[in-house]
Amino acid sequence: MTPNDRPSDTPQAAGEDAARPDRGPGNFIDERVADDLRAGRHGGRLVTRFPPEPNGFLHIGHAKSICLNFGLAERHGGVCNLRFDDTNPEAEEARYVDAIRRDVRWLGFDWGEREHFASDYFEQLYAWAVALVRAGRAYVDSQRPEAIREGRGDFHRPGVESPYRDRPVEESLALLEQMRRGALDPGEAVLRAKIDMRSTDLKLRDPLMYRIRKAAHHRTGTAWSIYPMYDFAHGLSDAIEGVTHSLCTLEFQNHRPLYEWFIDAVGPAHRPEQIEFARLNLSYTVLSKRKLQRLVDGGYVEGWDDPRLPTLAGLRRRGYTPEAIRAFCDRIGVSKRDGVVDVTLLEHAIREDLNDRSPRAMAVLRPLRLVIDNYPDGEVEHFEVPNHPTEPAFGVREVPFSRVLYVERDDFMEDAPKNWWRLAPGREVRLRGACLVRCTEVVKDAAGEVVELRCTWDPASRGGMPADGRKVRGTLHWVSAAHAIPAEVRLYDRLFDVPNPSATEDDRDEPRAEAAARDDAFLTHLNQASLEVLEGCRLEPSLGDAPVGHRVQFERLGYFCRDEASSSGGQAVWNRTIALKDSWGKQAER
RNA sequence: UCCGGGGUCGUCUAAGGGCAGGACAACGGACUUUGGAUCCGUGAAUGGUGGUUCGAAUCCACCCCCCGGAACCA
């Protein structure tokens, strides 16, 4: 049955549909799975799988697939396998297997005992290949790669059959055995399925099933000299695992006829079906493994877990939570229209999550000395400040206050407009959780730069509210100079400065090598200001013993996460996950 | 040009012959000891043409536009 034959408008289905809205994300795949389950297809079972190739790190696009596959299983009482699609020894490494496991687990999914490798099936796949040769449905082609390519034809010309296409079965069998043993060199022979060289579908023009590769495989070592191609291995691996719904991205739509051909030809006990959905694209970043690899290898970022990267490892280090990423995946939906999701949607998801769960603290990133002239030198008092503005359960903390403080340099303006609520000569502001201060004098150095603010405080405003009820609009964050902890803070911005860094003019007929060079064009759109390192930042003392990975909101600035690294001076390093929404900044732009 | 997909607010996504809805973004307002958060509100879409129908985003026809496909990658 093809997707279009589905009886989706039967009275029974319509009745169930009415009840659908109160169940998970209603995407077309979810509906189809529900439909299949209802109709008892696949024996009423649901088995999905997440099939990464261990040749790089997982990114937010993979998260979409992980959430889809594992989510479907969770919602419909099925299971989801983790399968490493490791059929190309030249690209794959064990370290990527480890990283993938860690990232899937971190996202919050559990595959239990169901961890598989395509390489587990090499022996079975080979036996099936032999059977296809015996059945006259596959043959060893001894043509060179160029000849095979030439013989395949193109969109306008039909292919021509290989001169080896009808060679005796026994001959192919013997050759295949030699290929497996390593008696032949790469390029000397391949195993091809015998389908139709004149098909209008290029994929059906006798596709390759096996090629010779003498690289060591991360799991099977040098046991094999031949490795199965994706089209031959993938669907049959699904069949072996009893996968019912094999979900993949749109670019594999063209492979579906082949997927089905191999299943039909081999006739495994179970028949999985492939369903395609649109892969995730995100504005201001790249989501192709090739491009990410390029950024890493080229030193444009500091590694796969660079906080500017959309990799799960990078997002984790940046301070993203798995919950926010899952919420994001729920919201973007699943469909067959390829598009670009606005990165602001991801940013919204993390702000929303962190707003609820992050304790607040004060940190001054660009310190400006503020001296309270009418506060006794050497005296210290502590203000009790809530750790969260709306959730009392976060508790309170004691923040030390004294005569010399630091405030944010950006919170002072010498010639301030009337709608400026912060510090300026003669103006009064509130120090968050502490008191009201008025700026009485601006101290400058020889170069004319502001180096210190002299202020007076209102002792009757302890806690932050004036005794006379006068209105004070601005509220600033601050730290006590003598108690503050020095730290390094890294501010991240979008990695690229254009919405779609991958967009390039398309030239279908250009040579492959030139296409590859052009593919590097995205590097010209790198945002030179994607990382700003701030040294000499001052944190309130409660942040001194924050463990690595600890997330906190620096009030009025954004959400920050303690990094595993420490600065050259041995101080802690904090990463900015995402800035707070800044309506003043937005207003100031205009 | 051949084969396979896809076109709904700026973006993502619902509506499966019966009021085109939601989220993000934008804009405006209220509130505020974070110019935060929250709340309220505004603007904003069915690629085109014809047809079927009481009624079409939805069905039919033709056209247009976009994406993928000619790797011994997945």
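Bear in mind that the values here come from a model prediction, so they are computed numbers and not experimental data.

Thresholds, definitions, all that
- Residues numbered from 1 in each chain as written.
- Chains lettered and ligands numbered in written order.
- Predicted model: local features only at pLDDT ≥ 70, side-chain atom pairs only at ≥ 80, totals over all residues.
- Heavy atoms only, no water.
- Helix = DSSP H or I, 4+ residues; strand = E, 2+ residues; numbered from the N terminus.
- Contact = heavy atoms within 4.5 Å.
- Areas by Shrake-Rupley, 256 points an atom, 1.4 Å probe, with all protein chains shown as cover.
- Lys, Arg positive; Asp, Glu negative; His and termini not counted.
- Charge placed at Lys NZ, Arg CZ, Asp CG, Glu CD.
- Domains from an automatic or database assignment.
- Axes fitted to C-alpha atoms, helices over the stretch in contact; angles between N-to-C directions.
- Parallel < 35°, antiparallel > 145°, perpendicular 65-115°, else oblique.
- Left-handed = near helix turned anticlockwise from the far one by under 90°.
- Nonpolar A, V, L, I, M, F, W, Y, C, P; charged D, E, K, R; others polar.
- Buried < 20%, exposed > 50% of the residue type's maximum accessible area, 1.4 Å probe, protein only.
- Arc of directions from axis to C-beta.
- Pairing = 2+ DSSP bridges.
- Near = heavy atom within 4 Å.
- Polar contact = N/O pair within 3.5 Å; in protein donor to acceptor, adjacent residues only side chain to side chain.
- Core = buried A, V, L, I, M, F, W, Y, C linked by side-chain atoms within 4.5 Å.

Engineer: Looking at this model, I keep getting lost on the overall build of chain A. Mind explaining?
Structural biologist: A count of helices and strands for chain A gives 15 helices and 25 strands. Within chain A, counting contacts between residues at least 6 apart in sequence, those at least 24 apart form 72% of the total. Here chain A has roughly 26900 Å² of accessible surface; of this, 47% comes from carbon and sulfur atoms. Across chain A, the centroid of the 83 positively charged side chains sits 1 Å from that of the 96 negatively charged ones.

Engineer: What is the right way to look at the domain arrangement of chain A in this model?
Structural biologist: Interfaces are often described in size by the accessible area the parts lose on coming together. Each domain of chain A was delimited in the assignment, giving domain 1 (3-282 + 319-332) and domain 2 (360-489 + 530-589). Centre-to-centre separation of domain 1 and domain 2, based on C-alpha positions: 55 Å.

Engineer: Any chance you could explain the packing of helix 5 (residues 122-134) against helix 7 (residues 169-181) here in plain terms?
Structural biologist: What describes two packed helices is the angle between their axes and the distance between those same axes. Running from N to C, helix 5 and helix 7 point in directions that differ by 160°, and their axes come no closer than 9 Å. In this view, helix 5 runs roughly antiparallel relative to helix 7, as classed from their interaxial angle. For the pair helix 5 and helix 7, the crossing hand works out as right-handed. Contact residues: helix 5 offers E123, Y126, V130, V133 and R134, while helix 7 offers V169, S172, L173, L176, E177 and R180. Split by residue class, the contact of helix 5 with helix 7 holds six nonpolar, one polar and four charged.

Engineer: In this structure, what is going on with helix 10 (residues 289-297)? I would like to understand it.
Structural biologist: In an α-helix there are 3.6 residues to a turn, and that puts residues three or four apart on one side. Taken as a whole, helix 10 has its buried residues at K291, L292, L295 and V296. End-on view of helix 10: buried residues confined to an arc of 140°, all on one side of the axis. With its phi angle positive at about 75°, G299 sits one or two positions after the end of helix 10.

Engineer: Looking at this model, I keep getting lost on the sheet that holds strand 2 (residues 79-84). Mind explaining?
Structural biologist: As a general point, the strands of a sheet are linked pairwise by backbone hydrogen bonds and lie either parallel or antiparallel. Strand order across the open sheet formed by three strands is 1-2-3, with parallel pairing between neighbours. With one partner strand each, in any of the chains shown, strand 1 (47-50) and strand 3 (115-117) form the two edges of the open sheet. When strand polarity is set aside, the average angle formed by the axes of neighbouring strands in this sheet is 35°. Two elements, strand 1 and strand 2, share four bridges in a ladder whose sense is parallel. In the sheet register, R49 faces strand 2, and the bridge partner there is N81. Packing of helix 3 (residues 60-76) onto the sheet brings it into contact with strand 1 and strand 2, and relative to strand 1 it is tilted by some 160°.

Engineer: Is there a simple way to explain the sheet that holds strand 21 (residues 485-492) in this structure?
Structural biologist: Taken in spatial order, the seven strands line up as 10-23-24-25-21-22-11 in an open sheet, and their pairing is mixed. Whereas interior strands pair on both sides, the edge strands pair on one side only; in this sheet they are strand 10 (360-361) and strand 11 (363-364). Here strand 24 (residues 558-566) pairs with strand 25 (residues 572-579) via six bridges, running antiparallel. Paired with R562 across the two strands is W574, which belongs to strand 25. Strand contacts of helix 13 (residues 343-357): strand 10, strand 23 (551-554), strand 24 and strand 25, with the helix running at about 115° to strand 25, the strand carrying the most contacts.

Engineer: Explain the pairing of strand 15 (residues 404-408) to me, please; I cannot follow it from the model alone.
Structural biologist: Side-chain positions along a regular strand alternate between the two faces of the sheet. Most of strand 15 is tucked away, with five of its five residues classed as buried. Where strand 12 (residues 367-372) and strand 15 come together, five bridges link them in antiparallel fashion. By the bridge assignment, L368 is partnered in strand 15 with V407.

Engineer: What should I look at first to understand the protein's contact with RNA strand B in this one?
Structural biologist: Among the 75 residues in the neighbourhood of RNA strand B, the closest are listed as E31, H156, R337, R360 and G463. The sugar and phosphate moieties of RNA strand B supply 62% of its atoms located within 4 Å of the protein. D342 places a polar main-chain atom, nitrogen or oxygen, 3.4 Å from a sugar or linking oxygen of RNA strand B. E555 has a polar side-chain atom sitting 3.4 Å from a base nitrogen of RNA strand B. Every element with two or more residues in the surface near RNA strand B is listed here: helix 6 (145-152), strand 6 (208-212), helix 12 (322-332), helix 13 and helix 15 (583-589). Among the residues making up the surface near RNA strand B, the classes are represented as 20 nonpolar, 24 polar and 31 charged.

Engineer: Even after reading the chapter, I still don't get the nonpolar core, so can you show me in this structure?
Structural biologist: Note on soluble globular proteins: their nonpolar side chains tend to be buried together. Ranked by internal contacts, the top residues of the largest apolar core, which has 38 residues, are I60, V104, I325 and F328. Ranked by residues supplied to this core, first place goes to helix 3 with six residues. Setting aside its immediate chain neighbours within four residues, V104 contacts F50, L58, I66, F70, F109 and W111. Counting 35 residues, the second-largest nonpolar core is a separate cluster that includes V140, L176, F232 and F262.

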